[in-house]
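For reference, the chains in residue letters:
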Amino acid sequence: MRLALAEAGRAAGDVPVGAVVLAPDGRTVLSAGHNEREATGDPTAHAEVLAIRRAARALGEWRLSGCTLVVTLEPCTMCAGALVQSRVDRVVYGARDDKAGAAGSLWDVVRDRRLNHRPEVIEGVLAADCARLLTDFFRAR
C-alpha cells in the first residue's frame, strides 16, 4: 500500500489515487498507475485501469490471474468492472468511498454472484493514510 500511496502522490492536479499490480508471487510489482484524467483528458484514466492495462502489457496477456491490485481508494464501478474482466484474484484497498465505491460500500460489483469472476477483497489497509491524502487534496481545492 505504501507503493500505491507514493504513486498517488504523482497525480498532479488530479484526485490523488494510486494503484499497483503485484505478480502472483505477491512481491514483484508488474505495474503502477495514478489518476491521469486531468492530464490526458481521458475519463477512463483512473489509477486502477492504467495499472491493469500496464500489467497486461507486462505479462503479454489480458488475464491477470493470480495478481493482486493494491489501490489507495475503493474502486468505482468502472474500475470494479475492469478488475472482474481482467480476472485479478485479489483487490486490496485503503480508504472506503461511500459516494462511489463498488467493492463493498455503495455497491459490491466485484463480489456480485451473478458474475463469472469474483476477486477476494481486503479493505482498510492504511485507510487513515489513504483518506488523509484525499481529504488534504479536497480541502485545498
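Quantities reported herein were computed from a predicted structural model and do not represent experimental measurements. (Residues numbered from 1 in each chain as written. Predicted model: local features only at pLDDT ≥ 70, side-chain atom pairs only at ≥ 80, totals over all residues. Heavy atoms only, no water.)

Examining the overall build of the protein chain
Here is the rule we go by: What counts as a helix is a DSSP run of H or I of at least four residues, what counts as a strand is a run of E of at least two, and both are numbered from the N terminus. Classification of residues uses two cut-offs on accessible area relative to the type maximum, computed with a 1.4 Å probe and protein chains only: under 20% is buried, over 50% is exposed, and between them is partly exposed. Working definition of accessibility: Shrake-Rupley area with a 1.4 Å probe, residue cover restricted to the visible protein chains. Asp and Glu count as negative and Lys and Arg as positive, but His and the ends of the chain are not part of the count. Taken as the charge location is NZ of Lys, CZ of Arg, CG of Asp or CD of Glu.
Scanning the protein chain for helices and strands turns up five helices and five strands. Walking the protein chain from its N terminus toward its C terminus, one meets helices and strands in the order α-β-β-α-α-β-α-β-β-α. Dimensions of the protein chain, computed from the C-alpha atoms along their principal axes, are close to 40 × 30 × 30 Å. By residue count, 47% of the 141 residues in the protein chain fall in the buried class. Split by element, the accessible area of the protein chain, about 7,200 Å² in all, is 50% carbon and sulfur. Computed over 19 positive and 18 negative side-chain charges, the inter-centroid distance for the protein chain is 2 Å.

Side note on the packing of aromatic side chains
Our working definition: Between rings of Phe, Tyr and Trp, where Trp is taken as its six-membered ring, a pair exists when centres lie within 6.5 Å; planes separated by under 30 degrees are stacked, by over 60 edge-to-face, and by other angles tilted.
By the definition in use, this model includes one aromatic pair. With a centroid separation of 5.0 Å and an interplanar angle of 80 degrees, the aromatic rings of Phe 137 and Phe 138 are classed as edge-to-face. Of the residues examined, Phe 137 reaches a relative accessible area of 17% and is grouped as buried. Take Phe 138: its relative accessible area is 47%, and that puts it in the partly exposed class.

A short note on the pairing of strand β3 (residues 68-73)
Here is the rule we go by: Two strands are counted as paired when DSSP detects at least two bridges linking them. Looking down the strands as they point away from the viewer, one classifies a crossover as right-handed if the path from the first strand across the helix to the second runs clockwise.
Of all six residues making up β3, six are buried, and the element is well covered by its neighbours. The pairing of strand β1 (residues 18-22) with β3 spans four bridges and is antiparallel. Considered in β3, the bridge of Val 20 is made with Val 70. For β3 and strand β4 (residues 90-95), the ladder comprises five bridges, and the chain directions are parallel. Counted as the bridge partner of Leu 69 is Val 91 from β4. Note on the crossover from β3 through helix α4 (residues 77-85) to β4: the handedness is right-handed.

Structural notes on the UniProt feature "domain: CMP/dCMP-type deaminase" (unreviewed entry) in the protein chain
Formally: UniProt positions are given in the numbering used here, feature names are shortened, and annotations may be inferred rather than shown by experiment.
As recorded in UniProt, the sites labelled "domain: CMP/dCMP-type deaminase" (unreviewed entry) are residues 1-106. End-to-end, the C-alpha atoms of residues 1-106 are 22 Å apart, and along that stretch the chain is 31% helix and 22% strand.

Remarks on the nonpolar core
Quick note on the threshold: In this description, a nonpolar core means a group of buried Ala, Val, Leu, Ile, Met, Phe, Trp, Tyr and Cys residues linked to one another through side-chain atoms lying within 4.5 Å. The contact criterion used throughout is that any non-hydrogen atoms of two residues lie within 4.5 Å.
Judged by nonpolar contacts, the single largest core of 35 residues is most densely connected at Val 17, Leu 64, Leu 69, Val 70, Leu 83 and Val 110. Broken down by secondary-structure element, the contributors of at least two residues to this core are α1 (2-8), β1, α3 (47-59), β3, α4, β4 and α5 (127-140). With five residues, the top contributor of residues to this core is α3. The contact partners of Val 70, leaving out residues within four places of it in the chain, are Met 1, Ala 4, Gly 18, Ala 19, Val 20, Leu 22 and Val 92.

Quick notes on the sheet that holds β4
To keep it simple, the criterion reads: Helix axes are fitted to C-alpha atoms over the stretch in contact, other axes to C-alpha atoms as well, and angles between N-to-C directions run from 0 to 180 degrees.
Read across the sheet, five strands follow the order β2-β1-β3-β4-β5 without closing on themselves; strand pairing throughout is mixed. At either end of the open sheet lies a strand with only one pairing partner, and these are β2 (29-34) and β5 (120-123). Strand-to-strand twist in this sheet, taken as the mean axis angle between neighbours without regard to direction, amounts to 15 degrees. Alignment of β4 against β5, held across four bridges, turns out to be parallel. Counted as the bridge partner of Tyr 93 is Glu 123 from β5.

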